[in-house]
Amino acid sequence: MTDLYRTVRLIRRFEERAIEFVRSGEIVGGIHPYVGQEGIAAGVCAALGPDDVITSTHRGHGHVLARGANPARMLAELMGRESGLNKGRGGSMHAADFSLGILGANAIVGAAGSIATGAAWAARQQGRDTVAATFFGDGAMNEGMLLEAFNLAALWQVPVVFVCENNGYATTMPVASAIAGSITDRARAFGIPAFTVDGQDPEKVLEATSTAVARARAGKGPTFLECVTYRFDAHHTFEHRTRLSYRSTEEITTGRSRCPVEIQGARLTAADRAAVDAEVESLLEAAAGIALGSAHPDPAAALSYLYAGEI
Amino acid sequence: MPKLSYLKALNRALSDELERDSAVFVLGEDIRAAASNVTAGLHARFGDDRVLDTPLSEQAFTNFATGAALMGMRPVIEFQIPSLLFLVFEQIANQAHKFSLMTGGQCKVPVTYVVPGSGSRTGWAGQHSDHPYSLFAHVGVKTVVPATPADAYGLLVTAIRDDDPVVFFAPAPALGVREDVDFAALAPVPLGVGRVARAGDDVTVVALGHLLHDALAVADELAGRISVEVFDPRTVYPLDVAGLVASVQKTGRLVVIDDSNRTSGFAAEVLAVVAENCTLTAPPHRVTRPNGAVLPFALALDRAVQPGRDQLLAALLEMS
Ligand SMILES: Cc1ncc(C[n+]2csc(CCOP(=O)(O)OP(=O)(O)O)c2C)c(N)n1
Ligand SMILES: [Mg+2]
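Thresholds, definitions, all that
- Residues numbered from 1 in each chain as written.
- Chains lettered and ligands numbered in written order.
- Predicted model: local features only at pLDDT ≥ 70, side-chain atom pairs only at ≥ 80, totals over all residues.
- Heavy atoms only, no water.
- UniProt positions renumbered as here; feature names shortened; annotations may be inferred.
- Phe/Tyr/Trp six-rings, centres within 6.5 Å; stacked < 30°, edge-to-face > 60°.
- Helix = DSSP H or I, 4+ residues; strand = E, 2+ residues; numbered from the N terminus.
- Buried < 20%, exposed > 50% of the residue type's maximum accessible area, 1.4 Å probe, protein only.
- Lys NZ or Arg CZ within 6 Å of the ring centre and 35° of its normal.
- Domains from an automatic or database assignment.
- Buried area = accessible area lost by both parts, 1.4 Å probe.
- Salt bridge = Lys/Arg side-chain N within 4 Å of Asp/Glu carboxyl O.
- Donors = N, O, S within 2.8 Å, 3.2 Å for Na, K, Ca; no water.
- Near = heavy atom within 4 Å.
- Polar contact = N/O pair within 3.5 Å; in protein donor to acceptor, adjacent residues only side chain to side chain.
- Areas by Shrake-Rupley, 256 points an atom, 1.4 Å probe, with all protein chains shown as cover.
- 1 Å grid on protein atoms, 1.4 Å probe; cavity = no way out; pocket = protein on both sides within 12 Å on 5 of 7 lines; lining within 4 Å.
- Sits in = over half its atoms within 2 Å of the grid points.
- Nonpolar A, V, L, I, M, F, W, Y, C, P; charged D, E, K, R; others polar.
- Axes fitted to C-alpha atoms, helices over the stretch in contact; angles between N-to-C directions.
- Parallel < 35°, antiparallel > 145°, perpendicular 65-115°, else oblique.
- Left-handed = near helix turned anticlockwise from the far one by under 90°.
- Contact = heavy atoms within 4.5 Å.
- Pairing = 2+ DSSP bridges.
- Core = buried A, V, L, I, M, F, W, Y, C linked by side-chain atoms within 4.5 Å.

Chain B appears in an unreviewed UniProt entry as Alpha-ketoacid dehydrogenase subunit beta from Kribbella antibiotica. In its Cofactor (unreviewed entry) section, UniProt records this for chain B: "thiamine diphosphate".

In the annotation of an unreviewed UniProt entry, chain A is listed under the name Thiamine pyrophosphate-dependent dehydrogenase E1 component subunit alpha and assigned to Kribbella antibiotica. UniProt annotates chain A under Cofactor (unreviewed entry) with the comment "thiamine diphosphate".

Further remarks concern the packing of aromatic side chains. Within the structure shown, the criterion is met by 16 aromatic pairs over all chains. Taking the centre distance of 6.1 Å and the plane angle of 50° together, the rings of F136(A) and F224(A) count as tilted. Residue F136(A) is located in strand β3 (residues 132–137), and its partner F224(A) is located in strand β8 (residues 223–228); the two are separated by 88 residues in the primary sequence. Using a relative accessible area of 4% as the deciding quantity, one classes F136(A) as buried. Look at F224(A) and you get buried, because its relative accessible area is 0%. One aromatic cluster is present, built from ring pairs that chain together F136(A), F150(A), F162(A), F190(A) and F224(A). Just above the ring of W124(B) sits the side chain of R121(B); from NZ or CZ to the centre is 5.8 Å.

Let us now look at the domain arrangement of chain B. Residue and element names in this part refer to chain B. Its domain assignment divides chain B into domain 1 (3–185) and domain 2 (195–319). Look at where the C-alpha atoms of domain 1 and domain 2 centre, and you get two points 25 Å apart. For the pair domain 1 and domain 2, the summed buried surface comes to about 2,000 Å²; carbon and sulfur atoms form 57% of the total. The tally of links between domain 1 and domain 2 comes to two salt bridges.

All names here are of chain A. Ligation of the magnesium ion (ligand 2) by protein atoms is provided by D138 (OD), N167 (OD1) and Y169 (O), these donors lying 2.0 to 2.2 Å from the ion. Along the chain, the residues donating to the magnesium ion (ligand 2) fall in the pattern D-x28-N-x1-Y. Considered together, N167 and Y169 belong to a single accessibility category, that of buried residues.

This part covers the UniProt feature "domain: Transketolase-like pyrimidine-binding" (unreviewed entry) in chain B. On the UniProt side, "domain: Transketolase-like pyrimidine-binding" (unreviewed entry) is annotated at positions that read residues 4–177 of chain B here. The straight-line gap between the two end C-alpha atoms of residues 4–177 of chain B is 8 Å; of that span, 39% is helix and 18% is strand.

With that out of the way, let us pick up the site of ligand 1. All names here are of chain A. By nearness alone, 15 residues border ligand 1, and H58, R59, A107, G139 and Y169 come closest of all. A distance of 2.8 Å separates a nitrogen atom of ligand 1 from a polar backbone atom of A107. The separation between an oxygen atom of ligand 1 and a polar side-chain atom of H235 is 3.5 Å. In the complex, 72% of the free accessible area of ligand 1, which totals 580 Å², lies under the protein chains. A molecule is said to occupy a pocket when more than half its atoms come within 2 Å of that pocket's grid points, and by this definition ligand 1 occupies the largest pocket. Among the residues forming the shell around ligand 1, the class breakdown is six nonpolar, six polar and three charged.

The feature "domain: Dehydrogenase E1 component" (unreviewed entry), as annotated in UniProt, sits at residues 8–272 of chain A in this numbering. Span residues 8–272 of chain A is 41% helix and 14% strand, its end C-alpha atoms 15 Å apart.

This part covers the pattern of salt bridges. Oppositely charged side chains can pair when the atoms bearing their charge come close. On inspection of all chains with the given rule, the structure shows 35 salt bridges over all chains. A salt bridge links R13(A) to E16(A); the shortest N-O distance between them is 2.7 Å. Here the residue R13(A) and the residue E16(A) both occupy positions in helix α1 (residues 2–23), the gap between them amounting to three residues, near one helical turn. Judged by its relative accessible area of 16%, R13(A) falls in the buried class. Among the ionic pairs, R289(B) bridges to D259(B), the shortest N-O distance being 2.9 Å. Of this pair, R289(B) sits in strand β14 (residues 285–289) while D259(B) sits in strand β13 (residues 254–261), and the two are 30 residues apart along the sequence. Owing to a relative accessible area of 1%, R289(B) belongs among the buried residues under this scheme.

Packing of helix α5 (residues 112–125) of chain A against helix α3 (residues 58–70) of chain B leaves a shortest axis separation of 6 Å and a crossing angle of 50°. In terms of orientation, α5(A) lies oblique with respect to α3(B). Handedness of the α5(A)/α3(B) crossing: right-handed. Of α3(B), the residues touching α5(A) (which contributes S114(A), I115(A), T117(A), G118(A), A119(A), W121(A) and A122(A)) are A60(B), N63(B), F64(B), G67(B), A68(B) and L70(B). Residues of the contact of α5(A) with α3(B), tallied by class, amount to eight nonpolar, five polar and no charged.

Residue and element names in this part refer to chain B. With five of five residues buried, strand β11 (residues 228–232) lies mostly within the body of the structure. Burial along β11 is two-sided: the face carrying V228, V230 and D232 and the face carrying E229 and F231 are both buried. Bridge count between strand β9 (residues 195–198) and β11: three bridges; the pairing is antiparallel. The residue of β11 that forms the bridge with R195 is D232. The pairing of strand β10 (residues 203–207) with β11 spans four bridges and is classified as parallel.

By size, the foremost hydrophobic cluster in this structure holds 82 residues, and its most contacted members are W121(A), F136(A), M141(A), F224(A), F79(B), L85(B) and L244(B). Ignoring any residue separated from it by four or fewer positions in sequence, one finds F79(B) in contact with F61(B), T62(B), L84(B), L85(B), V88(B), Y113(B), V114(B), V115(B) and P116(B). Counting residues in each nonpolar core, the second largest holds 56 residues, with I31(A), A41(A), C45(A) and V163(A) among its members.

Residue-level contacts link 42 residues of chain A with 40 residues of chain B. Surface buried jointly by chain A and chain B totals about 3,300 Å² across both partners, of which 66% is contributed by carbon and sulfur atoms. Together, F98(A), W121(A) and Y307(A) form the three largest contributors to the area buried by chain A at its contact with chain B, with a combined 19%. One can count zero salt bridges joining chain A with chain B. Summed over the shared surface of chain A and chain B, the number is 16 residue pairs in polar contact (both at pLDDT 80 or more). Those elements that place two or more of their residues in the side of chain A that touches chain B are α5 and α6 (144–155) of chain A.

Below, the discussion takes up the sheet that holds β14(B). Residue and element names in this part refer to chain B. Pairing in this open sheet of five strands is mixed, and the strands run β9-β11-β10-β13-β14 from one edge to the other. The sheet is open, and its two edges are formed by β9 and β14, each paired on a single side. Adjacent strand axes in the sheet meet at a mean angle of 25°, parallel and antiparallel pairs treated alike. Along the sheet, helix α9 (residues 210–222) contacts β9, β10, β11 and β13; its crossing angle with β11, the most-contacted strand, is approximately 170°.

Now the structure itself:
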């Protein structure tokens, strides 16, 4: 209970700080804020074990942090520093930490589902008990490659959990204008059990994911979770400068009224909550200090790591 | 010495690597039944999981292979037709190729993409006859186009063992090539190392894949008149610059025969590298597909668009 709260709170405050660093120019290129969707990353990752793997998206900070990535190294990555998770070579949309089974955030919508499917299949071949959880948005449900991945995963009973974060929009495109039929029915068409979950409640997400993970470990193949959520902030921080009108003020107010941090926070005593908040603040304060103090990569090494070795 | 065909060499390389390393598996369409013959006998020997027949889902199974590679496997994908590489260009150029750099070297993506029957298959028309190796070289994906059975074997083995993605083109007109080989001498061939297939003094002809055999035939025909050196780069990327430059520095003349479309094709790169490194005694010449070519169906039209012996011969005679 406290752990889930710590995670959603950490992600929320991390994102708020990251947005400030975008404004101050320390983070170049902006970010896709995860604010409002924290309950999904927290719930899903809490259901995973140490040998499990995840793939993430362009809106991926929450997934990476919930999986346990070091916030200082994550922040340093966003700032393009050598001490970043990816040594400053990936940035906001590509954070990865293979030591934690984070196989990378992916900037191509719908791409990671098939990568996660292959990873989980491979782990099974290797005799490991690994489950993959792969995050994607409602927009990805219209990418053929992801639908192909559903088929492969169902066909080969791959231990993968498909986590669709339905935040109502793909950039400015509302789900209702983009998706014929229903999201879960698409998964069911492949024989994949599919459930709609309240993505604002981390405990509900944890519960649903735990069932899905147990199913996958038992060799019963993939599960699909549609986690219904709302993006509180911009699609991308560029929207802070160019106000796009695609959501009404009333809709945004209603959407924000169910906040995962508040929902989970209300389950703690005021004292416990205050203690976690203080802990998160000092963690992030230290992280910001470390990240800001980290070296910038040497331009002479701009193409390091392009290949596995010298070519 | 026993004869080995190019196609059989591919089969042998796959079976040797499947045998040697349990991380290797092959996936693709109709590979269980071995429709292209490349995987003949492999399913019976290695089973469903190591010879994985896939549905027609190229984009997903190409990324699937990337995911498996991230976990330590060495997938080999067989693509049924060369144009499928256009369908999965994103998955190779933008995913598999970029993971290493983007993650700061945290992972490797040792996937091999094999296209048995690249280029014109004679009579298969526009959408089955492309030869897009220059595209992969351009984005920096390791790319090989072997000409001979021994090189096909050696380069496929190397590609599979390499820790980066490698695209392997097996030109359709080369699949039937046979040569005498000592099976015990079959060995890995390093990437980025070309080969002087025929020594000569007057002019260097750069040729790869099936066109190497045409170049050698033309060189034979000109023997006594023009001493032609034939250089087979074998790997398109990374290019064996040192080998190429050494040959052209000796001959001072260059003709490239290349089954790419002309603009920004492989031959253009060879000319550029030579221009940067050598002093030529005559302007260099390219024999290529025309700009932006689409291979027409009718046999005479198909042949009219492909680089061939007559054009090479004419180019060499004109230059001398
Ligand atoms: C294949 C692809 N198409 C378009 C884009 C540009 N793009 C980036 S995010 C995005 C919207 C994605 O929507 P969704 O999947 O619902 O995720 P969300 O942004 O809502 O989290 C688009 C169109 C992209 N990155 N990849
Ligand atoms: Mg969305």
